[in-house]
Amino acid sequence: KLYFEIDNALYNNKIKQMVDNNELTVQIESSIEHKTLNMDGYEIHYNVSGKENNEIIVFLHPAFSDHRAYDQQIDYFSKDYRVITIDLIGHGLSKANKSKDKIDASSEHIRKILELEGYDRVNLVGVSMGSLIAQYFALQYPDKVKSLTTLGGYDINKENKEVEKAQRASNLGLIFRAAFSMKSFRKKTAEITCITKKGQALFYKTASFYERKSFLVMQGLQNVIKDRKNIKPKYPTLILTTEFDIELAKKLAKEWHTNIDNSEYFMIKDAGHCANIDKPLEFNRLVKDFIDRNNE
């Protein structure tokens, strides 16, 4: 049973079948330019699409994933916006190497990328961990944020014992799996984040570059989530959740919406934690409508 859980031959064969049938390939028609931000001892990789000088959207991916989590968003948004997708430190091609920087350094990476691309203000879209990093950037650079969209997130300015307990239990289970088999780890994260088989397979693919040593990078979330008083965002915020996310996530999303001004809340039906992968058309429509209204 342990072997079956850790290296599930049936699951791996299903992934292989989907690869063979070309079901894991998202055809992107937009022109994409791959770029790097050079830091001290490591590089942050990011991709840019869409016309220059258009308003900009930066997409921030979930934990363990990479920029490919947004492959189903590129064509839709790059028609009207400049689009940037980033491999956050410790994810995708952005290896931390010997640097002591952790995931909280991402806010500085985003600031430098915006500077390199010639933008003063940004529309941020973050899913799961990406929503926490988006808020952390907005906390440090509120005047640089035009709008904030989050999916599967919660208020980083309020420590929550329920969240800590749930995440501690979940993370221990994932680390245990990763210690035995990264395939098992990717399989479990895919099952947690998506409910459709195609969605799970796509997420599994986006987690292919995540390494065991990247767990150390995640310790930086301790600096992101803290009790902070009198934080009142001035930018418009869209808070999304999904029908099949855990009840705690939906509860926290509603509480966050209630506690801040200039926010909108919407639940996407028939989707798991990462609705941008499970239900891309619905996610794209909701997010673009929100950003369009706040860039008029």
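Structure: see above.
The model shown is predicted, which means the values in this text are computed figures rather than measured ones.

S.K.: How should the pairing of strand β3 (residues 56-60) be read in this particular structure?
M.R.: The two faces of a sheet get side chains in turn, since along a regular strand they alternate between them. For β3, the buried fraction is high: 5 of the 5 residues fall into the buried class. Burial along β3 is two-sided: the residues Ile56, Val58 and Leu60 and Ile57 and Phe59 are all buried. When β3 meets strand β4 (residues 82-86), the two strands line up parallel, connected through 4 bridges. Looking across to β4, one finds that Phe59 is bridged to Thr85. When β3 meets strand β5 (residues 122-127), the two strands line up parallel, connected through 4 bridges. Its bridge partner lying in β5, Leu60 is registered against Gly126.

S.K.: Sorry if this is basic, but what is going on with the nonpolar core here?
M.R.: Soluble globular proteins tend to bury their nonpolar side chains together. Counting 49 residues, the largest nonpolar core has Ile86 and Ile133 as the members making the most contacts within it. Here the element with the most residues in this core is helix α5 (residues 129-140); it accounts for 7 residues. Once you skip the residues sitting within four places of it in the chain, Ile86 turns out to touch Ile44, His45, Tyr46, Val58, Phe59, Leu60, His61, His67, Ile110 and Ile113. The next biggest cluster of nonpolar side chains, apart from the first, holds 29 residues, and it includes Tyr81, Ala207, Leu238 and Ile291.

What counts and how
Residues numbered from 1 in each chain as written. Predicted model: local features only at pLDDT ≥ 70, side-chain atom pairs only at ≥ 80, totals over all residues. Heavy atoms only, no water. Buried < 20%, exposed > 50% of the residue type's maximum accessible area, 1.4 Å probe, protein only. Helix = DSSP H or I, 4+ residues; strand = E, 2+ residues; numbered from the N terminus. Pairing = 2+ DSSP bridges. Core = buried A, V, L, I, M, F, W, Y, C linked by side-chain atoms within 4.5 Å. Contact = heavy atoms within 4.5 Å.

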